[in-house]
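Architecture and fold: a report
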Amino acid sequence: MPSLLEQIDGALSDGKLRADAAENIRRILSGEESDFAARVIGELSQANEWEELNDRFYKTLAFGTGGLRGRTIGKIVTPSELGTPTALGRPEFPSVGTNAMNYFNVARATRGLVIYIQKWRSRQGMEHRPKIVIAHDTRHFSEEFARLAAQTASTNGCDAVVFEGPRSTPELSFAVRYLNADAGIVITASHNPPHDNGYKVYFSDGAQVIEPHASGIIAEVKETSSGSSKKPAEGERGEITTVGREIDRAYMERLETLILNRELIGRTRDLKIVYTPIHGTGGVIIKPILRKLGLNFSVVSEQDQFDGRFPTVKSPNPENAEALNLGISLAQKENADLVIATDPDCDRLGVAVRTSSGEMKLLSGNRIGSLLAWYRTKTFFDLGILNKENANRGVIIKTFVTTDLQKAIAEKFGLRCVETLTGFKYNGAKLKNYEEQTDTPNYRELPEEETRRLRLEKSSFYIFGGEESYGYSGADFVRDKDANGAVIMFCEAAAYAKSRGLRLDELLDEVFCEFGYFEEKNHSLYFEGADGAEKIHRLLISYDENPPRQMLDSAVTRVQNFEKETIRDLDGDEIPKEKMLIFELADKTRVAVRGSGTEPKIKYYLFGARLPKNGKLSREELAQARTEIDDRLDALWDWLEKDANQRLAK
C-alpha cells in the first residue's frame, strides 16, 4: 500500500488534489506534532475525500475583516476527529487543516500575537510583561480554544486574563480598556453556522486590529513554527488569572450611561419586551441590566441556555426572521410590543416590533440603526447637550454600505456623518483618533460625563455608530459593535414611541416623512470551498476590469473603486484600500459590490431614495415612494443576479 505522502503525490498528479493543498499537507506532516493530523489526513485519503482535503488545506487561515474564522467541524468528520463525542454530540477533536479553526491555528495565532506585542512594547520603551484579555462565546470548542490561547500566551511570556465563562465580544472590548491590557482575544464566529468558530484580535485601544498591526501580527504568525511552543526559561512564564463578575459590574455601570432619559423609562412600565439570546452570551449582561432599569421583559426560555448547536434555529443570526420565531410566538402570547434578539457573541441586535395593525414585523438593520441615530440625536438636542453652536462637534459614523438616511439625519441636525469601510474596526479607529485629540492621558478612567465634555470641547462627540449588518454603538467605552448597549438604547426609543401613543413603525414613518424615504435591499451569492473562493475572486475582478455601463434600464453614471482610488472621509483621513465598487445610476439608485470578509459570499447592496420636495413627504407620497422603490430594487437585483451568472459563465 502506498505511503501517505505517495497517496498525496498521486492525487496531485491525477488532478484530484490542488497544488496549494498538497503543499500545506506536506508541511503539516513534517511538523513535530503530526501524528494525529496524519491519521485524519490518512482517513480522508483512504476514503477518496479529496474535495474535503482541498477545502481544508488550500490555504492557511489569515486575519480578515473579523480575524480568523473557519470550520471547526469538517463537512466530513473522520473517526479520529469524532473520538468520544461530548454529551451534545460534538466531536472530541476539532477539524484538522490549515484552513480550519483548530488547536494548530489557535496556538499559532496566539504565538504570533504575543511576539508582535512584545516587539511593539519594546519599540515603545515599555517594561514588564504584556497582558492579554481572553473571552469566548458558547460555540463548539470555544472554551478549549480560549484555554489554549491563555496557556500559549503564558508559555511565551505574557500574562493572560481569562473570563470565568462565556462573555460577549463587546464586554471583551470593554475589558481590554478597563484592565489597560495590551491586546484582547475573543473566540467566536459571531452568528455563523454551528460548525464554524473564529478568533478575533483586539489591540490596546479595545478595537479590532487594523493596519499596521494586522500585517505585523500576520507576519509574526507566519514566522512561528508549525509545531511546538518555545520552552520558557525560569521566571519567564506569564501568569494566568480569571475574572468575571467584577468586570460585569463595571461594564453594566457604564452601559447605564447610554440611557438618556431615565424618567421616560420609569413612565412607560406598560412597554412589554421579549428577549432571546439565541443560546449565546447575551443573557449574562442583558437580563440583569433590563431588571436594573425596571423594564418589563420576558425571556424565551427555550433559547436561554448556552448551547453551541443552536438547536432551536436554522442559523443563530438575528438578521433572519426564523431566528426570532420563538420570540415572536411568545410576544403574541403576551401581547408584547417588541422582540429583541442577540447573536451568540452578542455584538448584533435583531428586532421585531408590533405594528399599528397589530402584526409583529422585523426591522432591517438599516432601520434599527436609523431609529437609534435619530432618537439619540434628537434627545441630545432636547437635553441641551448639543446645540447649534457645538453641533459640528457631533458625529454619526456609518459604513459606506449603510443607509444614507443616517447621513440625512446628521446633515439636517448640523452634525457630521463620517463613513467608513465595512467592519467596526474602522469605527474603532475613528474613536481612537477622537480620543487622542482630547490630549487626555487618563481618558479611559474618566466618567462618561467628563469624556463627553472633553469631546465636545476639544474633539468629536460620538453620538451613534452603526452598520447595516445589525451592529450598533452609542458611546466610546466599547470599541466594537455592542448589542448589550443596543438593546437598552432601543428599549428607550421604544419607550419614547410608547409615551407618544405610537407604534415603532409609525415613529419610523414620521422619520421618513421628515428626512425622506430610504430603502435598501441586500443580497448575496454564496460560493463555498476552494472553488467558491475562486469564483468570488473572478467576479470581483470582472466588475473591476469590465464594469457594466448600464444596469437594468439605467445608465451607470459613476463607478467608485475603493481598491484603486484614493478616497478620504469627511475628517480628511484616507480610506484603506479594499476590493469594493459602488455604481451610481442615472435614476439615482446605487449598487455596492464587495466580497465578505467572514463568509464565503459576494455581497450586493442596493440603495433607493425619495427626498422631500416641499420640506416633508406627505403620507401619500411616502406610500407611493415605498411601492415604486421596492419594485425598482427587486427588478435591479434580478438583473444583477443574471449578469453575475453570465460573467461566471465566460
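Everything discussed here concerns the structure shown above.
Residues numbered from 1 in each chain as written. Predicted model: local features only at pLDDT ≥ 70, side-chain atom pairs only at ≥ 80, totals over all residues. Heavy atoms only, no water.

Re the sheet that holds strand S14 (residues 461-467)
Taking strand neighbours across the sheet as the criterion, the four strands line up as S13-S12-S14-S15 in an open arrangement whose pairing is mixed. The open sheet terminates on both sides in strands that have one partner only, identified here as strand S13 (416-420) and strand S15 (471-473). Between one strand axis and the next, the sheet turns by 15° as a mean value, whatever way the strands run. Relative to S15, S14 runs antiparallel, the two sharing three bridges. Bridging from a neighbouring strand, Glu 467 pairs with Gly 471 of S15. Contacting strand S12 (394-399), S14 and S15, helix H14 (residues 365-382) runs over the sheet at an angle of about 170° to S14. (Pairing = 2+ DSSP bridges. Helix = DSSP H or I, 4+ residues; strand = E, 2+ residues; numbered from the N terminus. Axes fitted to C-alpha atoms, helices over the stretch in contact; angles between N-to-C directions. Contact = heavy atoms within 4.5 Å.)

Some points on the side chain of Lys 521
Within the secondary structure layout, Lys 521 lies in strand S16 (residues 517-526). Of the polar contacts made by the side chain of Lys 521, one reaches the side chain of Asp 630; its length is 2.5 Å. Within the structure, Lys 521 has its side chain in polar contact with the side chain of Asp 634 (distance 2.7 Å). The residues contacting Lys 521, other than those within four sequence positions of it, are Tyr 604, Tyr 605, Leu 606, Asp 630, Leu 633 and Asp 634. (Polar contact = N/O pair within 3.5 Å; in protein donor to acceptor, adjacent residues only side chain to side chain.)

Observations concerning the pattern of salt bridges
Scanning the entire structure with this criterion turns up 64 salt bridges. A salt bridge links Arg 56 to Glu 81; the nearest nitrogen and oxygen atoms lie 2.6 Å apart. Separated by 25 residues along the polypeptide, Arg 56 in helix H4 (residues 50-57) and Glu 81 in helix H5 (residues 79-82) bring together distant segments of the chain. Using a relative accessible area of 4% as the deciding quantity, one classes Arg 56 as buried. Arg 479 is the salt-bridge partner of Asp 476, the closest N and O atoms lying 3.6 Å from each other. Using a relative accessible area of 3% as the deciding quantity, one classes Asp 476 as buried. Arg 479 sits in the buried class, given a relative accessible area of 1%. Within the structure, one salt-bridge network assembled from shared partners comprises Arg 177, Arg 254, Glu 435, Glu 448, Arg 455, Asp 476 and Arg 479. (Salt bridge = Lys/Arg side-chain N within 4 Å of Asp/Glu carboxyl O. Buried < 20%, exposed > 50% of the residue type's maximum accessible area, 1.4 Å probe, protein only.)

As for the packing of aromatic side chains
Using the criterion set out here, one finds 19 aromatic pairs in the structure. Site record: aromatic cluster; members linked through ring pairs are Phe 174, Tyr 178, Tyr 251 and Phe 477. One Lys or Arg, Arg 90, reaches over the ring of Phe 141 and ends 3.7 Å from the middle of that ring. For Lys 412, the ring lying beneath its charged end belongs to Phe 515, and the centroid distance is 5.4 Å. (Phe/Tyr/Trp six-rings, centres within 6.5 Å; stacked < 30°, edge-to-face > 60°. Lys NZ or Arg CZ within 6 Å of the ring centre and 35° of its normal.)

Quick word on the pairing of strand S4 (residues 183-187)
For S4, the buried fraction is high: five of the five residues fall into the buried class. What you see with S4 is no split at all: Ala 183, Ile 185 and Ile 187 on one side and Gly 184 and Val 186 on the other are buried throughout. Two strands pair when backbone bridges link them, and strand S2 (residues 131-136) and S4 are joined in this way by five bridges, in the parallel orientation. Looking at S4, one finds that Ala 135 is bridged to Val 186. In the sheet, S4 pairs with strand S5 (residues 196-203) via five bridges, with the strands oriented antiparallel. Residue pairing across strands places Gly 184 opposite Tyr 202, the latter belonging to S5.

Remarks on the state of the cysteines
Within this structure, the stated rule accounts for zero disulfides. In this structure Cys 346 is not part of a disulfide, and its nearest cysteine sulfur, from Cys 491, lies 12 Å away. (Disulfide = S-S within 2.5 Å.)

Things to note about the packing of helix H8 (residues 169-178) against helix H10 (residues 245-255)
With their axes 10 Å apart at the nearest point, H8 and H10 run at an angle of 100° to one another. When the axis of H8 is compared with that of H10, the two are roughly perpendicular. Facing Pro 170, Glu 171, Phe 174, Ala 175 and Tyr 178 of H8, the residues of H10 in contact are Ile 247, Asp 248, Ala 250, Tyr 251 and Arg 254. Within the contact of H8 with H10, the residues separate by chemical class into seven nonpolar, no polar and three charged. (Parallel < 35°, antiparallel > 145°, perpendicular 65-115°, else oblique. Nonpolar A, V, L, I, M, F, W, Y, C, P; charged D, E, K, R; others polar.)

A few points about the environment of Leu 293
Within the secondary structure, Leu 293 sits in helix H12 (residues 283-293). In the structure, Leu 293 is positioned 289 residues away from Leu 4 in sequence and 62 Å away in space, judged by C-alpha atoms. Apart from residues lying up to four places away in sequence, Leu 293 is in contact with Glu 256, Ile 259, Arg 262, Ile 265, Arg 269 and Ile 488.

Re H8
Within H8, nine of the 10 residues are buried, leaving the element largely enclosed by the surrounding structure. Along H8, the residues that are buried comprise Thr 169, Pro 170, Glu 171, Leu 172, Ser 173, Phe 174, Ala 175, Val 176 and Arg 177. Taken from the residues just after H8, Asn 180 is the one with a positive phi, measuring 50°.

Regarding H12
For H12, every residue scored as buried is listed here: Gly 283, Val 284, Ile 285, Ile 286, Ile 289, Leu 290 and Leu 293. Note on H12: the residue one or two positions beyond its end, Gly 294, has a positive phi of about 80°.

Some remarks on the environment of Pro 548
In this structure, Pro 548 sits in the loop between helix H20 (529-545) and strand S17 (550-551). Judged by its relative accessible area of 9%, Pro 548 falls in the buried class. Separated by 35 residues in the primary sequence, Pro 548 and Phe 583 place their C-alpha atoms 8.9 Å from one another. Leave out the neighbours within four places in its chain, and Pro 548 touches Tyr 543, Val 556, Phe 583, Trp 639 and Arg 647.

Describing the sheet that holds S16
Within the open sheet, the six strands sit side by side as S16-S21-S20-S19-S18-S17. Their pairing is antiparallel. Two strands close off the open sheet at either side, each with one partner strand: S16 and S17. Of the pairings in the sheet, the one linking strand S18 (residues 554-561) to strand S19 (residues 580-585) comprises five bridges and is antiparallel in character. Within the sheet, the bridge partner assigned to Asn 561 lies in S19 and is Leu 581. With respect to the sheet, H20 is in contact with S16, S18, S19, strand S20 (590-595) and strand S21 (601-610), its orientation differing from that of S21 by roughly 45°. Against the sheet, helix H21 (residues 619-649) makes contact with S16, S17, S18, S19, S20 and S21, and its axis sits at roughly 20° relative to S16, the strand it touches most.

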